[in-house]
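The primary structure of each chain is shown beneath.
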Protein chains: 2
Amino acid sequence: MEPLNPRIKPVRMGRRKIVIQRIDNVTSRQITFSKRRNGLLKKARELAILCDAEVGMIIFSSTGRLNEFASTWLDSTS
Amino acid sequence: MEPLNPRIKPVRMGRRKIVIQRIDNVTSRQITFSKRRNGLLKKARELAILCDAEVGMIIFSSTGRLNEFASTWLDSTS
DNA sequence: ACACCTATGTATAAACC
DNA sequence: TGGTTTATACATAGGTG
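None of these values were measured; they are calculated from a predicted model. (Residues numbered from 1 in each chain as written. Chains lettered and ligands numbered in written order. Predicted model: local features only at pLDDT ≥ 70, side-chain atom pairs only at ≥ 80, totals over all residues. Heavy atoms only, no water.)

With respect to the relation of the copies chain A and chain B
Okay, so step 1: Superposition of chain A onto chain B requires a rotation of 180° combined with a translation of 0.0 Å along the rotation axis, giving an RMSD of 0.1 Å. Such a turn and shift between the copies fits a two-fold axis. It is Met57(A) whose C-alpha, among those of chain A, lies nearest the rotation axis, at 2.1 Å. (Least-squares fit on C-alpha atoms with pLDDT ≥ 70 in both.)

Below, the structure written as structure tokens:
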């Protein structure tokens, strides 16, 4: 490792372990919500395709915004 | 690597990359369904707790079996 | 609020029990 | 059918732009 020199940028911290409990900081909570919602929807899609299952999901964010996903039979676009 | 000797157990394959498409083999599909359904439900719970969100999910397996999850307001046990 | 980055934790495909 | 193990792929926290 290089010696700590204040003129040199600090190294990235990388990921930290978290505990599953409500995130108090509003900004962090919204960021985490956005990321994890996308991950959850992706996994729902994968489950539906891989396993030929029907999956429906509705998510209300803490601000009241609605997100939904349906693999097939509730999908009005099909 | 060791040479292939039939008297020696083959090494574990570990995980392989998969393509997201319907799993044809019924047994594999059911095993994958069981594992991924559990993973999906866990992530739904985490999202609800971490981000103070409301999440509802229903899953029908290809054999018609129903699984459901609701973080709060549809939960008759609360 | 969104996209990208990367170190690190988590999910999971195969195999075996 | 469900649990365990292990190697590897994937998700993601924290940071930056």
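There's plenty left to go through after this.
Focus: the interface of chain A and chain B
Okay, so step 1: Each side of the interface is counted separately: chain A has 31 residues, and chain B has 31 residues.
Okay, so step 2: Around 2800 Å² of area is buried between chain A and chain B when both sides are counted, 72% of it from carbon and sulfur atoms.
Okay, so step 3: Along the contact surface separating chain A from chain B lie four salt bridges.
Okay, so step 4: Of the charged contacts, one joins Arg36(A) and Glu46(B) as a salt bridge, the two residues approaching to 2.9 Å between their closest N and O atoms.
Okay, so step 5: Our count for the contact surface shared by chain A and chain B stands at ten residue pairs in polar contact (both at pLDDT 80 or more). (Contact = heavy atoms within 4.5 Å. Buried area = accessible area lost by both parts, 1.4 Å probe. Salt bridge = Lys/Arg side-chain N within 4 Å of Asp/Glu carboxyl O. Polar contact = N/O pair within 3.5 Å; in protein donor to acceptor, adjacent residues only side chain to side chain.)

A word on the nonpolar core
Okay, so step 1: Ranked by size, the top nonpolar core spans 28 residues in total, and within it Met57(A) and Met57(B) carry the most contacts.
Okay, so step 2: Looking at this core, the elements with two or more residues in it are helix H1 (26-51) and strand E1 (54-60) of chain A together with helix H1 (26-51) and strand E1 (54-60) of chain B.
Okay, so step 3: What Met57(B) contacts, discounting residues up to four positions off in sequence, is Gly56(A), Met57(A), Leu40(B), Leu41(B), Ala44(B), Asn67(B), Glu68(B) and Phe69(B). (Core = buried A, V, L, I, M, F, W, Y, C linked by side-chain atoms within 4.5 Å. Buried < 20%, exposed > 50% of the residue type's maximum accessible area, 1.4 Å probe, protein only. Helix = DSSP H or I, 4+ residues; strand = E, 2+ residues; numbered from the N terminus.)

Description of the sheet that holds strand E2 (residues 66-70) of chain B
Think of a sheet as strands paired side by side through backbone hydrogen bonds, with each pair either parallel or antiparallel.
Okay, so step 1: In spatial order, the strands read E2(A)-E1(A)-E1(B)-E2(B); together these four strands make up an open sheet with antiparallel pairing. Pairing within the sheet leaves two strands with one partner each, and these edge strands are strand E2 (66-70) of chain A together with E2 of chain B. Neighbour-to-neighbour, the strand axes of the sheet open up by a mean angle of 5°, direction not taken into account.
Okay, so step 2: Alignment of E1(B) against E2(B), held across five bridges, turns out to be antiparallel. Residue pairing across strands places Met57(B) opposite Phe69(B), the latter belonging to E2(B).
Okay, so step 3: Its contacts with the sheet put H1(A) on E1 and E2 of chain A together with E1 of chain B, and the angle it makes with E1(A) is roughly 170°.
Okay, so step 4: Those strands touched by H1(B) are E1 of chain A together with E1 and E2 of chain B, and its axis lies near 170° from that of E1(B). (Pairing = 2+ DSSP bridges. Axes fitted to C-alpha atoms, helices over the stretch in contact; angles between N-to-C directions.)

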